[in-house]
Amino acid sequence: MATAELTLADTLARPLRDLRISVTDRCQFRCTYCMPREVFGRDFAFLPREQLLTFEELTRLARIFASLGVRKLRLTGGEPLLRRDLDKLVAMLACIDGIQDIALTTNGALLANKAAALAAAGLRRVTVSLDSLDDAVFMALNYAKFPVARVLEAVAAAAGAGLVPVKVNMVVRRGVNEQSILPMAAHFRGSGHVLRFIEYMDVGTTNGWRLDDVVPAADIIAMIGAHWPVEPVEPAYPGEVASRYRYRDGGGEIGVIASVTQPFCRGCTRARLSADGQLYTCLFAATGHDLREPLRAGARDHDIREQISSIWTGRTDRYSERRTRRTGRARQVKPKVEMSRIGG
Ligand code: SF4
């Protein structure tokens, strides 16, 4: 088994290390960049319960993925905490040989009451989405009248449960919340939490993405660095998606995820499993590979393992890189901010 773990690689020699598991397709929010209400409206047909993978099915698949080299699991949605008893799933996943890290990405709405149980079950890390400290801006983005204070309570609860450092993800969209960058940086400086700025992403055909909406990560770092000098930090591991920086005065760390201007497909080791058991080899892939059907038809672990191996070894995905090349965005932004100015 160890040999197989080391040799499974896609067409660009990228190993399979990370698996994002969606446990539900539902969310209470209608963030404009993720589940815009024009698409996910009242009549949208979410998956019926029987089509969702059960905890037992998810655990079985995760075990097979672990045997192929996956070391990190990230639970996502929709909003994963809408799935009842998620801590039980975490406990089941935490028992899998080879899994070193289980993380959760959440909007924070239900986290405050669940953080302690999740941590006790074996959750190691949590990432909370928060796009502004300004209620008016935040609510206009989430379309759920959900106040900032409740998300901040969730962040505090996660830290109190030992899920530290809490990562806070802010998607930055020009003309919508770029004015929130400095207040967010000021708020989380010195908190022990890691604020990460994400370039507004094209998520396919559902969010009306335009290149002009993107605030380049280099500009964000320059803006923050002009107030509080920062310096780059080495990646914690190969393929880390966020570029890390630390405040020179010891105020902690921030990150930027520059998936538009500096795509990182070359080091991408991630696969995604949808709530109904489709395997996607890129977060932006439009079509997946059905693992639920063989799972429910009685396939043996060996057969499913072979199926996943064959999918991964044929993988060619480089969605962000190709889009960047199409738009020429990387060439446009590189000269705009000189990295030597960062932290100056
Ligand atoms: S666009 Fe796809 S291949 Fe590129 S980094 Fe993102 S998930 Fe990986």
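Note that this is a predicted model, so its numbers are computed, not measured.

About the cut-offs
Residues numbered from 1 in each chain as written. Predicted model: local features only at pLDDT ≥ 70, side-chain atom pairs only at ≥ 80, totals over all residues. Heavy atoms only, no water. Helix = DSSP H or I, 4+ residues; strand = E, 2+ residues; numbered from the N terminus. Rg over C-alpha atoms; globule rule 2.2 N^0.38 Å. Buried < 20%, exposed > 50% of the residue type's maximum accessible area, 1.4 Å probe, protein only. Contact = heavy atoms within 4.5 Å. Areas by Shrake-Rupley, 256 points an atom, 1.4 Å probe, with all protein chains shown as cover. Arc of directions from axis to C-beta. Polar contact = N/O pair within 3.5 Å; in protein donor to acceptor, adjacent residues only side chain to side chain. Phe/Tyr/Trp six-rings, centres within 6.5 Å; stacked < 30°, edge-to-face > 60°. Lys NZ or Arg CZ within 6 Å of the ring centre and 35° of its normal. Pairing = 2+ DSSP bridges. Axes fitted to C-alpha atoms, helices over the stretch in contact; angles between N-to-C directions. Core = buried A, V, L, I, M, F, W, Y, C linked by side-chain atoms within 4.5 Å. Salt bridge = Lys/Arg side-chain N within 4 Å of Asp/Glu carboxyl O. pLDDT = per-residue confidence, 0-100. Parallel < 35°, antiparallel > 145°, perpendicular 65-115°, else oblique. Left-handed = near helix turned anticlockwise from the far one by under 90°. Nonpolar A, V, L, I, M, F, W, Y, C, P; charged D, E, K, R; others polar.

A. Fine view of the overall build of the chain. Counting its regular elements, the chain contains 12 helices and 12 strands. Its C-alpha radius of gyration of 20 Å places the chain within 12% of the 20 Å reference for a compact globule of 344 residues. Dimensions of the chain, computed from C-alpha atoms along their principal axes, come out at roughly 60 × 40 × 40 Å. The proportion of buried residues among the 344 residues of the chain is 52%. Sequence-distant contacts in the chain: of pairs separated by 6 or more residues, those separated by 24 or more amount to 70%. When the accessible surface of the chain is totalled, it reaches about 15,600 Å², and 52% of it is carbon and sulfur.

B. Structural detail: helix α5 (residues 135-142). Residues of α5 that are buried: V137, F138, L141 and N142. Seen end-on, α5 carries its buried residues on one side only, within an arc spanning 115°. Those residues of α5 that are buried lie in contact with α6 (148-160). A side-chain oxygen of the first residue of α5 lies 2.8 Å from the backbone nitrogen of A136; this N-cap is D134.

C. Region of interest: the packing of aromatic side chains. This model, assessed by the stated rule, comprises 7 aromatic pairs. With a centroid separation of 6.5 Å and 25° between ring planes, the pair formed by F40 and F46 is classed as stacked. Seen from their ring centres, W228 and Y247 are 6.3 Å apart, and the 85° between their planes marks the pair as edge-to-face. With W228 in the loop between α8 (217-227) and β7 (230-233) and Y247 in strand β8 (residues 243-247), this residue pair connects regions lying 19 residues apart in the sequence. For Y247, a relative accessible area of 3% puts it in the buried group. These aromatic residues form a ring-pair network of at least three members: F29, F138 and F146. Above the ring of Y237, the side-chain terminus of K72 is found at 3.4 Å from the ring centroid.

D. The sheet that holds strand β2 (residues 72-76), seen in detail. Spatially, β7-β8-β9-β6-β5-β4-β3-β2-β1-β10-β11-β12 is the arrangement adopted by the 12 strands of the open sheet, whose pairing is mixed. The open sheet has two free edges, formed respectively by β7 and β12 (289-290), since each of these has just one partner strand. Relative to strand β11 (residues 278-280), strand β10 (residues 270-273) runs antiparallel, the two sharing 2 bridges. Note on β11: the bridge partner recorded for R272 is Y280. Sitting on the sheet, helix α3 (residues 86-94) is in contact with β2 and β3 (101-106), with an inclination near 170° to β2.

E. Geometry of the nonpolar core. With 92 residues, the main nonpolar core has L16, L75, L104, L111, F197, I224 and I308 as its most contacted residues. Ranked by residues supplied to this core, first place goes to helix α2 (residues 55-67) with 7 residues. Those residues within four positions of I308 in sequence are excluded, and the remaining contacts are L16, I64, F65, L68, L279 and L291.

F. Broad picture of the pattern of salt bridges. Following the criterion strictly, the structure yields 15 salt bridges and no others. Residue R14 is joined to D10 by a salt bridge in which the shortest nitrogen-to-oxygen separation is 2.6 Å. Of the two residues, R14 and D10, both sit in the buried class. For the salt bridge of D301 with R60, the shortest nitrogen-to-oxygen distance reads 2.6 Å.

G. The confidence of the model for the chain, seen in detail. For the chain, mean pLDDT is 90; residues scoring 70 or higher make up 91% of the total. Counting contacts from residues 1-5, a segment whose pLDDT is below 50, to residues more than four positions away or on other chains yields 9 contacts. The model gives residues 330-344 a pLDDT under 50, and that stretch makes 20 contacts with residues more than four places away or in other chains.

H. Spotlight on the packing of helix α7 (residues 181-188) against α8. In contact at an axis separation of 10 Å, α7 and α8 are set at 55° when each is read in the N-to-C sense. Here α7 is positioned oblique relative to α8, judged by the angle of their axes. Two packed elements cross with a definite hand, and for α7 against α8 that hand is right-handed. Note on element contacts: α8 touches α7 through I220, M223, I224 and H227, opposite I181, L182 and A185. Here the contact of α7 with α8 is composed, by residue class, of 6 nonpolar, 1 polar and no charged.

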